[in-house]
Amino acid sequence: MCALSTASGMLSAMRRKSSAVTPSNVRRMAVAPPRPDTSDEEEMILDVVRQLVKERVEPRAAAIDADGDFPWDIKRLFAENDLLGIPFPAEYGGVGGSFVTYVKVVEEVSKACASSALIIAVQELGALPILIGGTDEQKRRWIPDLASGAKIAAYALTEPGSGSDAAGSMRTKARRDGDDYVLDGTKIWITQGSVADVVTVFAVNDPTKGANGISAFVVEKGTPGFSVGKLEKKMGIRGSPTVELSFENCRVPAANRLGDEGEGFKIAMKVLDKSRPGIAAQALGIAQGALDYATEYTKQRVAFGKPISQQQGLQFMLADMKTEIEAARLLLYEAARKCDESAPDMTTWAAMAKLKCGDVAMSVTTDAVQLLGGYGYSTEYPVERMMRDAKITQIYEGTQQIQRIVIARAMVGKWSPPKS
Ligand code: CAA
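Residues numbered from 1 in each chain as written. Predicted model: local features only at pLDDT ≥ 70, side-chain atom pairs only at ≥ 80, totals over all residues. Heavy atoms only, no water.

## A word on the packing of aromatic side chains
So, point 1. Here the structure, examined in full by the defined rule, presents nine aromatic pairs.
So, point 2. Ring geometry for Tyr-155 against Phe-202: centres 5.2 Å apart, planes inclined by 65°, an arrangement best described as edge-to-face. On the criterion of sequence distance, the pair formed by Tyr-155 in strand S1 (residues 153-156) and Phe-202 in strand S4 (residues 198-204) is long-range, its members being 47 residues apart.
So, point 3. A relative accessible area of 9% means that Tyr-155 is categorised as buried.
So, point 4. Arranged with centres 6.5 Å apart and planes meeting at 55°, the rings of Tyr-297 and Tyr-375 form a pair that is tilted. (Phe/Tyr/Trp six-rings, centres within 6.5 Å; stacked < 30°, edge-to-face > 60°. Helix = DSSP H or I, 4+ residues; strand = E, 2+ residues; numbered from the N terminus. Buried < 20%, exposed > 50% of the residue type's maximum accessible area, 1.4 Å probe, protein only.)

## A word on the site of the ligand
So, point 1. What surrounds the ligand is a group of 26 residues, the closest being Ser-164, Thr-191, Lys-266, Glu-397 and Lys-414.
So, point 2. Between the ligand and the protein, one listed contact pairs a nitrogen atom with a backbone N or O atom of Ser-164 at 2.8 Å.
So, point 3. Contact distances for the ligand include 2.9 Å between an oxygen atom and a side-chain N or O atom of Arg-409.
So, point 4. Burial of the ligand by the protein chains amounts to 74% of its free accessible area of 1,100 Å².
So, point 5. At seven residues, the largest contribution of residues to the shell around the ligand is made by helix H8 (residues 264-300). (Near = heavy atom within 4 Å. Polar contact = N/O pair within 3.5 Å; in protein donor to acceptor, adjacent residues only side chain to side chain. Areas by Shrake-Rupley, 256 points an atom, 1.4 Å probe, with all protein chains shown as cover.)

## Quick look at the domain arrangement of the protein chain
So, point 1. Entries for the protein chain in the domain assignment read domain 1 (2-152), domain 2 (154-264) and domain 3 (266-412).
So, point 2. If you look at the interface, domain 1 gives 31 residues, while domain 3 gives 37 residues.
So, point 3. In total, domain 1 and domain 3 occlude about 2,900 Å² of area from one another, counting both sides; carbon and sulfur atoms represent 65% of this.
So, point 4. A salt bridge links Arg-388 to Asp-65, with the shortest nitrogen-to-oxygen separation between them at 2.8 Å.
So, point 5. Secondary structure elements with two or more residues in the side of domain 1 that touches domain 3: helix H3 (40-67), helix H5 (99-112) and helix H6 (114-133).
So, point 6. Per element, the largest residue contribution to the side of domain 1 that touches domain 3 is 10 residues, and it comes from H5.
So, point 7. Split by residue class, the side of domain 1 that touches domain 3 holds 17 nonpolar, five polar and nine charged. (Domains from an automatic or database assignment. Contact = heavy atoms within 4.5 Å. Buried area = accessible area lost by both parts, 1.4 Å probe. Salt bridge = Lys/Arg side-chain N within 4 Å of Asp/Glu carboxyl O. Nonpolar A, V, L, I, M, F, W, Y, C, P; charged D, E, K, R; others polar.)

Pasting the structure below:
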C-alpha cells in the first residue's frame, strides 16, 4: 500500500509534529510557499517531503558527509514514506506520480542533503532500464521491490576506458551460452553499486555492430562471478557509495536480458533521457539550499555598521543567484513535463535542464561560500559541502560537454563520413 497516495492520516499526523530542528547557528529560511502550478496531490506529497527533510534529513546532512557511509536510516525513511517509487507505475507497486512531482521531490531533498536525494534519483535510474526495456513479467519480477524500497537498484554503464564514449569504448562482454549469458568485465563509478540488490549491466554481445552490439542485463546481488571492488573516495556526495563492479565468468539467465539482443545501448540512452532531469533537480536543490542559507546569513551578519545584505555589491550577487535559479527551474520543470508526455524532443530538454541546472549549482554554491567569507570555507557551515556536492552534477550522467553534444546533434545532426 502506498502511503503517499492513500494515507491522509499519516500526512495530518506529520503536520501536527513539532516544527524545525535546526542544528546550526544560522536559521534556514522557511520553505518556499506552494507554487501556483502545483496540483493538490503533488502539494500533499511535497508537504510530507518538506517535513521529513526539515525534521530528519537536514539534521543528518553534515554527519552523512563527514562519515561517508551510506545512510541506511534515510533510505528506510524514504522507503517507509514511499519516496522511492514516485514515478513508477501503480500497477508495479509504484506511486504512479508524474515526473514533474518526482523532480520536485529530488529538489526538496537536495536543498538539505545531496547524498540523500541521490538515493531517490538512483533508484529511478536503476529501475528505468527495466521499465523501459523490460517485459511485463520482468517488471513484475523486479519493480515492486524497487518501488517499495525493499531492494536497491544501480545502473552500470561506465567502464575504466568508457565514460563519455559509452558505446564505442565498452569492453565488458556478454557471451551467449545455452540459456545463459556469461559476463566478463569491469564497471566503475557505479553509484550505489555496493548496496544494490539489482544492477542493470550493459555489455557487448557483438563487437562488430558498435552501439547496436550492446545488450542490457539485470544482475542480482549474490550472482556467482559478480563482486564489488574499490570504493571511491570523493570530493562530494560522500554519503553515496561509488564503486567498481567486477564480472568474472558471471552467468546470467537469458531471461534477465532487457529488450532484444543489441538493444542495450538504446535502452541506456532512453534511460538517461529520463534520469538526467533527476540530476538537474539535485543540482537545482543544492543551489536553492545554498542561496537560502546565504541569504539568511547576509541578513544576520553585520559589517561596516549594517547587515551585509544591505551592501549593494552583495545584493547584486543575491539577485543574480536567484535569477539563475528561477531560470533553471523553469527549464527543469518543462523538461520533466516533456518526460511525462514522452515528447519527441525530450532528449534535448533533459540535456538542457542538466546543463543549466548543473552550471547554476556550481556558480550559486561558489557565490554562497563567498558571501559567508571565511565562515563559508569552514565545515561548520553547510555551504562548502553544497559547493563540493554541486561539482558532480556537472560530471555524472553525462558531462556538461556531452549534454552540449546531445543538444547540438538534435539541431544539426551527427555527421558520418561518406561511404566510398
Ligand atoms: N534515445 C534512443 N536512441 C538513442 C538515443 C536516445 N536518447 N541516443 C542515441 N540513440 C541511438 C542512436 O539513434 C543510434 O542508433 P542507430 O545506430 O540505430 O542509428 C545509437 O543509439 C548510437 O547513437 P550515437 O551514434 O549517437 O552514439 P554515440 O556513440 O555517438 O554516443 C553520446 C552518443 C550522446 C555521446 C552517448 O555516448 C552519451 O550519452 N555518452 C555519455 C554517457 C553518460 O551519460 N554516462 C553516464 C553514466 S551514468 C551515471 O553517471 C550515473 C550515476 O553515477 C548517478
